[in-house]
Amino acid sequence: MNLIIFGLTSALLSSIGIVIEKKVLNRSHSMELSSSLALVNLLLSLPLFLFIDRTHLTFQSLALVYLVSLIASIAFLLTARSIRHMELSAASPLLSGGAGLSAVLAFFFLGERLSLAQIGGLVLAICGTYVLETERHQKLFDPFRKLFASKYARYIAISLSLYGISSLLDRMILSRYSLLPFEYIAIVHLFIAANFFVATHIFGGGIRSVVQEFKDVGWLIIPLALITVTQRIAYAETVRVAYLGIASAIKRLSGLFTTIIGGELFHESHLVRKTIAASIVVAGSILVVLS
């Protein structure tokens, strides 16, 4: 029951968060949004530090948590850039493919099983991606050429790989160390905020750009941060009580929600085809982890 509650909560909040993120990104840049969101996430997480058991903190666990934060920071920035420049109903099904990737990585590195039915699920997810990129009168491999020719689709592919690695580390930290999910998320948010503080000074407009971001879209960043913090804690709880592949697949149900809701809100094109594609990708992802 905890798996279903935490997993579906994570999926629903993730979907709502992506829709809000797309709305914000229509008026701002990915670096400024990422930095501002990281700061608010940290502020919202500060009360959690009052309840952290310091005996749970070791040099090795903190080093691994920082590695996760670094990988997650890069992945989030790449995803934000893709969402800013792609239609949400096109980006979301691609992001849903991360569940299959997590299952494959979990098979190789965590010993979680991968049956023939699960391999079939991976093929189904690939077919969903094919449907997403297919247009009339195209040759067989044209959709894949189109997909890999898109800079922002490549960003999503890179971010999925990074999220897959960070999910492996999530599972390792939460299962092998004494950190509780809320402790883990609080520390991750501290490190992510530090990462973006440095990044915005090197690659962005510095603290002034963050302040300007709050002036421009601050009222949207606060609910987005609330959703992000809650969703990450719910996902961490899911990872703690279930196989990584199962947790990832439940979370990626958000891809179907986002495609339908976001596509309608932003009046995006070919929504029926994209919804079918998202459904195929999600079905393949579920087959991967539930077979």
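So, how was this worked out
- Residues numbered from 1 in each chain as written.
- Predicted model: local features only at pLDDT ≥ 70, side-chain atom pairs only at ≥ 80, totals over all residues.
- Heavy atoms only, no water.
- Helix = DSSP H or I, 4+ residues; strand = E, 2+ residues; numbered from the N terminus.
- Buried < 20%, exposed > 50% of the residue type's maximum accessible area, 1.4 Å probe, protein only.
- Contact = heavy atoms within 4.5 Å.
- Areas by Shrake-Rupley, 256 points an atom, 1.4 Å probe, with all protein chains shown as cover.
- Axes fitted to C-alpha atoms, helices over the stretch in contact; angles between N-to-C directions.
- Parallel < 35°, antiparallel > 145°, perpendicular 65-115°, else oblique.
- Left-handed = near helix turned anticlockwise from the far one by under 90°.
- Nonpolar A, V, L, I, M, F, W, Y, C, P; charged D, E, K, R; others polar.
- Core = buried A, V, L, I, M, F, W, Y, C linked by side-chain atoms within 4.5 Å.
- pLDDT = per-residue confidence, 0-100.
- Polar contact = N/O pair within 3.5 Å; in protein donor to acceptor, adjacent residues only side chain to side chain.
- Patch = residues over 30% accessible without salt bridge, like charges linked within 9 Å, V, L, I, M, F, W, Y side chains within 5 Å.
- Salt bridge = Lys/Arg side-chain N within 4 Å of Asp/Glu carboxyl O.
- Phe/Tyr/Trp six-rings, centres within 6.5 Å; stacked < 30°, edge-to-face > 60°.

**Q** I keep staring at the overall build of the protein and nothing clicks. Help me out?
**A** Tallying secondary structure elements over the protein gives 13 helices and zero strands in all. Start at the N end of the protein and walk to the C end: the helices and strands fall as α-α-α-α-α-α-α-α-α-α-α-α-α. A buried classification covers 53% of the 291 residues belonging to the protein. Restricting to contacts in the protein with at least 6 residues of sequence separation, those with at least 24 account for 86%. Carbon and sulfur atoms make up 70% of the accessible area of the protein, which totals about 13600 Å².

**Q** Explanation requested: the packing of helix α3 (residues 59–85) against helix α8 (residues 151–176) in the structure shown.
**A** Packed helices, taken two at a time, are described by their axes: the angle between them and the distance between them. For the pair α3 and α8, interaxial distance at closest approach is 8 Å and the crossing angle is 155°. Considering their axes alone, α3 and α8 lie roughly antiparallel with respect to each other. When you trace α3 past α8, the crossing you get is left-handed. Taken together, the residues of the contact of α3 with α8 break down into 20 nonpolar, five polar and two charged.

**Q** What is the right way to look at the nonpolar core in this model?
**A** Within soluble globular proteins, side chains that are nonpolar generally end up buried alongside one another. Grouped together as the largest cluster of nonpolar side chains are 34 residues, with contacts concentrated most on V65, I173, L179, Y184, I187, I192 and F196. Elements with a minimum of two residues in this core: α2 (30–45), α3, α8 and α9 (181–202). Tallying contributions element by element places α9 first for this core, with 10 residues. What L179 contacts, discounting residues up to four positions off in sequence, is H56, L57, V65, I173, L174, Y184 and I187. Residues L33, A80, L220 and A225 belong to the second largest nonpolar core, which totals 17 residues.

**Q** Is there a simple way to explain the confidence of the model for the protein in this structure?
**A** Note: predicted coordinates in regions of low pLDDT should not be interpreted at a detailed level. Model confidence for the protein is summarised by a mean pLDDT of 75, while 57% of its residues fall at 70 or above. The least confident element of the protein, judged by mean pLDDT, is helix α12 (residues 254–265) at 54; the most confident is α9 at 93.

**Q** Would you mind showing me how to read the side chain of H56 here?
**A** Relative to the assigned elements, H56 resides in the loop between α2 and α3. Polar contacts involving the side chain of H56 include one to the side chain of E183, which spans 2.9 Å. In contact with H56, not counting residues within four places along its chain, are S61, S178, L179 and E183.

**Q** Can you walk me through the environment of S73 in this structure?
**A** Along the chain, S73 turns up in helix α3. Residue contacts for S73: discarding those within four places in its chain leaves I192, N195 and F196. There is a polar contact of 3.2 Å between the side chain of S73 and the side chain of N195.

**Q** Looking at this structure, I do not really get a nonpolar patch on the surface. What am I missing?
**A** A contiguous nonpolar surface patch, about 630 Å² in accessible area, is contributed by F197, V198, I202, F203, I207 and V211. Of all the secondary-structure elements, those providing two or more residues to the nonpolar patch are α9 and α10 (206–241). Considering every element that reaches the nonpolar patch, the biggest residue donor is α9, with three residues. Inspection of the secondary structure puts F203 in the loop between α9 and α10. Given the relative accessible area of 66%, F203 is considered exposed.

**Q** How should I be thinking about the packing of α3 against α9 in this particular structure?
**A** Running from N to C, α3 and α9 point in directions that differ by 55°, and their axes come no closer than 8 Å. It follows from the interaxial angle that α3 and α9 lie oblique. α9 is crossed by α3, and the crossing has right-handed handedness. Packed against α3, whose contacting residues are L62, V65, Y66, V68, S69, L70, A72, S73 and L77, the element α9 presents Y184, I187, V188, F191, I192, N195 and F196 at the interface.

**Q** Would you take a moment to explain the packing of aromatic side chains for this structure?
**A** To describe a pair of aromatic rings, you give the distance between the ring centres and the angle between the ring planes. Evaluated as defined, the whole model comprises two aromatic pairs. Ring geometry for Y66 and F191: centres 5.4 Å apart, planes at 85°, overall edge-to-face. Residue Y66 is located in helix α3, and its partner F191 is located in helix α9; the two are separated by 125 residues in the primary sequence. Measuring from ring centre to ring centre gives 5.6 Å for Y152 and Y155, while their planes differ by 80°; the resulting arrangement is edge-to-face. With Y152 and Y155 both in helix α8 and three residues apart, this pair spans about one turn of that helix. By the burial criterion, Y152 is buried, and Y155 matches it.

**Q** Looking at this model, I keep getting lost on the environment of A194. Mind explaining?
**A** Positionally, A194 belongs in helix α9. Using a relative accessible area of 39% as the deciding quantity, one classes A194 as partly exposed.

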